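Listed below are the residues making up each chain.
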Amino acid sequence: MIMDILSDTAADSFRLLPFLFFTYLLMELLEHRTGEKVLSRIRASGKFGPVLGGMLGIVPQCGFSAAASSLYAGRVITVGTLLAVYLSTSDEMLPVLISRAVPLRSIVYILVIKALIAVISGLLAGAVYTGVLKRKEKEINIHVVCEEEQCHCEDGILVSAIKHTLRIFAYIFLLSLAMNVAVEVFGMETIAGLFSGVPVPGEMIAALIGLIPNCASSVIITELYLGGAISPGAMISGLLVNAGVGIPVLFRLNRDLKQNMGIVAALYGIGVFWGVILELSGITF
């Protein structure tokens, strides 16, 4: 059992390495080779980021959410873009749907709905954040990642990117190992069952399960839907908030704990809201 857990953890973690490395390489290039004028243009174009983030996130790879968290910590992307990536990401949903021979039309329908929700919600979240709440997006400060990691990045762009990648990889590996041990010992069904007795709508329960930073949560949500145990709205709620390791990386790198909690609360609220809307509309896949 121990070897299986280690093998699964290693497989899940190593898949993230390319995304993490290219993310930190990009951040190092921006920090050391980019002028203030270019950085200002990147920030100015950030309001359209949720469109790209929502489209990229549908790729079945939680590396996008981890990369987005790192980019947000350095304020390369906006809070709207971060939420768009989180909402469109859903770990193992697509492989499960394909393995269960779900019709292609249904799979495309689910992906399109998730992408549209992610884009719309990301754009609205950005507008609310800056327009309604009167919060100002902070200026790009890529060096904050170095400060948070307490590393010294005077060894050049490539070496610095490798250092950051290995540090976050180790953090993700240990977190994934702990989650996989918990899933193996208790079973994801048992963990999910902790929420089943709560007298609240299924969308709220599924979203709580979706927040668990482990690929098993997206698997169990998808399997529960395919088995008829939860409704389409509940499935969408759970998969919308299923940002994988993106949330733990956010808490690891972003210093503002209150802001992190607000992002998670917004993610949960958006997931539940859209799940209820889909349920009331009678949409099925």
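These figures come from a predicted structure and were not determined experimentally. (Residues numbered from 1 in each chain as written. Predicted model: local features only at pLDDT ≥ 70, side-chain atom pairs only at ≥ 80, totals over all residues. Heavy atoms only, no water.)

1. Examining the overall build of the chain
We count it as follows: The helix and strand labels rest on DSSP assignments: H or I over at least four residues marks a helix, E over at least two residues marks a strand, and numbering proceeds from the N terminus. Should any heavy atoms of two residues lie within 4.5 Å, those residues are counted as being in contact. Method for areas: the Shrake-Rupley scheme with a 1.4 Å probe, in which residue coverage is limited to the protein chains shown.
Each helix and strand counted, the chain has 16 helices and zero strands in total. The long-range fraction of contacts in the chain, counting pairs at least 24 apart against all pairs at least 6 apart in sequence, stands at 81%. About 13300 Å² of surface is accessible on the chain, with carbon and sulfur atoms providing 69% of the total.

2. Some details on the nonpolar core
Rules: By nonpolar core is meant a set of buried Ala, Val, Leu, Ile, Met, Phe, Trp, Tyr and Cys residues that side-chain atoms within 4.5 Å join together. The rule is simple: take the accessible area with a 1.4 Å probe, protein chains only, and divide by the maximum for that residue type; under 20% is buried, over 50% is exposed, in between is partly exposed.
Counting residues in each nonpolar core, the largest one holds 48 residues, and the members touching the most others are L82, Y86, M235, I236, I263, L267 and F285. Look past the residues within four positions of F285 in its chain and what remains in contact with it is S106, Y109, I110, I113, Y225, P232, M235, I236 and L278. Membership of the second largest hydrophobic core comes to eleven residues, among which are L16, A73, I168 and L253.

3. Considerations on helix 14 (residues 232-240)
Across the nine residues that make up helix 14, a large majority, nine, are buried. Listing the buried residues of helix 14 in full gives P232, G233, A234, M235, I236, S237, G238, L239 and L240. In this structure, the buried residues of helix 14 make contact with helix 6 (79-88), helix 7 (93-99), helix 8 (104-132), helix 12 (202-210), helix 13 (215-226) and helix 16 (257-281).

4. Here we look at the confidence of the model for the chain
As a reminder, the rule being used: A score from 0 to 100, pLDDT tells how confident the predictor is in each residue.
Of all residues in the chain, 78% have pLDDT values of 70 or greater, and the mean over the chain is 79. By mean pLDDT, helix 3 (residues 36-44) is the weakest element of the chain at 52, and helix 16 is the strongest at 93.

5. Side note on the pattern of salt bridges
Here is the rule we go by: Counted as salt bridges are all cases of a side-chain nitrogen of Lys or Arg within 4 Å of a carboxyl oxygen of Asp or Glu.
Throughout the structure, instances matching the rule amount to one salt bridge. For R100, the salt bridge is made with E223, and the minimal N-O distance between the two is 2.3 Å. Within this pair, whereas R100 is found in the loop between helix 7 and helix 8, its partner E223 is found in helix 13, the two being separated by 123 residues in sequence. The class of E223 is partly exposed, set by a relative accessible area of 29%.

6. Considering the packing of aromatic side chains
Think of a pair of aromatic rings as described by two things: how far the centres are apart, and how the planes are tilted against each other in angle. Put simply, the rule is: Working definition: a ring pair exists when centres of Phe, Tyr or Trp rings (six-membered ring for Trp) sit within 6.5 Å. Plane angles under 30 degrees give stacked, over 60 give edge-to-face, the rest tilted. In this scheme, Lys NZ or Arg CZ marks a charge over a ring once it lies within 6 Å of the ring centre and within 35 degrees of the ring normal.
Counted according to the given criterion, the structure contains four aromatic pairs. Measuring from ring centre to ring centre gives 6.3 Å for F169 and F173, while their planes differ by 35°; the resulting arrangement is tilted. In this pair, F169 and F173 both sit in helix 10 (residues 157-186), four residues apart, roughly one turn of the helix. Pairing F273 with W274 gives two aromatic rings, centres 5.4 Å apart and planes at 75°, and the pair type is edge-to-face. Here F273 falls in the partly exposed class, since its relative accessible area comes to 48%. Above the plane of the ring of Y72 lies R75, whose end atom (NZ or CZ) is 4.4 Å from the centre.

7. Some details on a nonpolar patch on the surface
Operational definition: By definition, no residue in a patch forms a salt bridge, and every one has over 30% relative accessible area; like charges are joined within 9 Å, nonpolar side chains (Val, Leu, Ile, Met, Phe, Trp, Tyr) within 5 Å.
Residues L104, V108, V112, L116, I120 and L124 make up a contiguous nonpolar surface patch of roughly 550 Å² in combined accessible area. Position of L104 among the secondary structure elements: in helix 8.

8. Notes on the environment of L278
Residue position: L278 is located in helix 16. Between the C-alpha atom of L278 and that of I113, which follows or precedes it by 165 residues, the distance is 9.9 Å. When residues no more than four places from it in sequence are discounted, the contact partners of L278 are I113, I117, I236, I283 and F285.

9. A few points about the layout of surface pockets
In plain terms, the rule: Cavities and pockets are defined on a 1 Å grid built over the protein atoms alone: a cavity is a set of grid points where a 1.4 Å probe fits but cannot escape, while a pocket is an open set with protein on both sides within 12 Å along at least five of seven lines, and lining residues are those with an atom within 4 Å of any such point. Grid points are joined across faces, edges and corners, and a volume is the space filled by probe spheres set on the points. Note on residue classes: Ala, Val, Leu, Ile, Met, Phe, Trp, Tyr, Cys and Pro are nonpolar, Asp, Glu, Lys and Arg are charged, and everything else, Gly too, is polar.
Taken as a whole, the second largest pocket holds about 300 Å³ of empty space. Along the wall of the second largest pocket there are 15 residues; nearest its centre are Y129, L133, R135, G262 and I263. For the lining of the second largest pocket, the elements supplying multiple residues, two or more each, are helix 6, helix 8 and helix 16. When residues in the lining of the second largest pocket are grouped by element, the largest group, six residues, is from helix 16. Taken together, the residues that form the lining of the second largest pocket break down as ten nonpolar, two polar and three charged.

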